[in-house]
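Residue strings, one per chain:
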Amino acid sequence: MSDVLFTSHAKATGGREGHVKSDDGLIDLDLVQPGSKKDSVGSNPEQLFAAGYSACFDGAFNHVARAERKRVETETSVDVSLLKDGDGFKIAAAITVDVKGVSQEEAEDLLEKTHQFCPYSKATRGNIDVDLKVNVIE
């Protein structure tokens, strides 16, 4: 195993209609199965995964751009979907990066390099479908 830089910890109880909390208390959320409780407010595993993936991918995109001496401004959105998979379920992700400071061709090159570099992309490679899209914003 590689050298550990840090470890995050969270604990869940009650599954998809339970609660999740990080050891430092920054994440302390009720979980709600989408569509199951009309009056309930809470998050879900897909939303939490989308938040983590978008933050990681956005940071990775900026890292790759700096390594190539490109000055960019980015906003990364990730949609994580829960899909039916035979008798079970699976997830898929759609990543969209809006970027300023480069051409469409440069943005597409950075997008592919980021997908190879991003730890979340490495963790999910070959396990979930990931759709990548980049928009150059003037």
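See the structure shown above.
Every value quoted in this text rests on a predicted model; they were computed, and no experiment measured them.

A word on the overall build of the protein chain
Of the regular secondary structure elements, the protein chain holds three helices and six strands. Sequence-ordered secondary structure for the protein chain, helices as α and strands as β, is β-β-β-α-β-β-α-α-β. With the C-alpha coordinates aligned to their principal axes, the bounding extent of the protein chain is approximately 45 × 35 × 30 Å. Here the protein chain holds 138 residues, and 29% of them are scored as buried. When contacts within the protein chain are restricted to residue pairs at least 6 apart in sequence, long-range pairs at least 24 apart make up 50% of them. Surface accessibility of the protein chain: about 9300 Å² in total, with carbon and sulfur atoms responsible for 49%.

Quick look at helix 2 (residues 104-117)
Between its terminal C-alpha atoms helix 2 stretches 20 Å, which fits the 20 Å expected from 14 residues at 1.5 Å a residue. Of the positions making up helix 2, those classed as buried are Ala107, Leu110, Leu111, Thr114 and His115. Axial view of helix 2: buried residues confined to an arc of 135°, hence all on one face. Against the buried residues of helix 2 lie helix 1 (45-67), strand 5 (88-100), helix 3 (119-124) and strand 6 (129-136).

Quick look at helix 1
Think of an α-helix as turning once every 3.6 residues; residues three or four places apart then point the same way. With 23 residues, helix 1 extends 33 Å between its outermost C-alpha atoms, agreeing within 8% with the 33 Å of an ideal straight helix rising 1.5 Å per residue. Taken from the residues just after helix 1, Arg69 is the one with a positive phi, measuring 60°.

A short note on the side chain of Ser22
Of note, Ser22 is situated in strand 2 (residues 19-22). Here Ser22 falls in the buried class, since its relative accessible area comes to 8%. Here Leu26 takes part through its backbone nitrogen, which lies 3.2 Å from a polar atom of the side chain of Ser22. In this structure Ser22 touches His9, Ala10 and Ile27, once residues within four positions along its chain are discounted.

Things to note about the sheet that holds strand 1 (residues 10-13)
Taken in spatial order, the three strands make up an open sheet running 1-2-3, and their pairing is antiparallel. Sheet topology places strand 1 and strand 3 (28-30) at the edges, where each strand pairs with a single neighbour. Across the sheet, the mean angle from the axis of one strand to that of its neighbour is 10°, orientation sign disregarded. Bridging between strand 2 and strand 3 involves three bridges; their strand directions are antiparallel. Looking at the pairing, Lys21 lines up with Asp28 of strand 3.

Criteria and cut-off values
- Residues numbered from 1 in each chain as written.
- Predicted model: local features only at pLDDT ≥ 70, side-chain atom pairs only at ≥ 80, totals over all residues.
- Heavy atoms only, no water.
- Helix = DSSP H or I, 4+ residues; strand = E, 2+ residues; numbered from the N terminus.
- Buried < 20%, exposed > 50% of the residue type's maximum accessible area, 1.4 Å probe, protein only.
- Contact = heavy atoms within 4.5 Å.
- Areas by Shrake-Rupley, 256 points an atom, 1.4 Å probe, with all protein chains shown as cover.
- Expected span 1.5 Å × (residues − 1).
- Arc of directions from axis to C-beta.
- Polar contact = N/O pair within 3.5 Å; in protein donor to acceptor, adjacent residues only side chain to side chain.
- Pairing = 2+ DSSP bridges.
- Axes fitted to C-alpha atoms, helices over the stretch in contact; angles between N-to-C directions.

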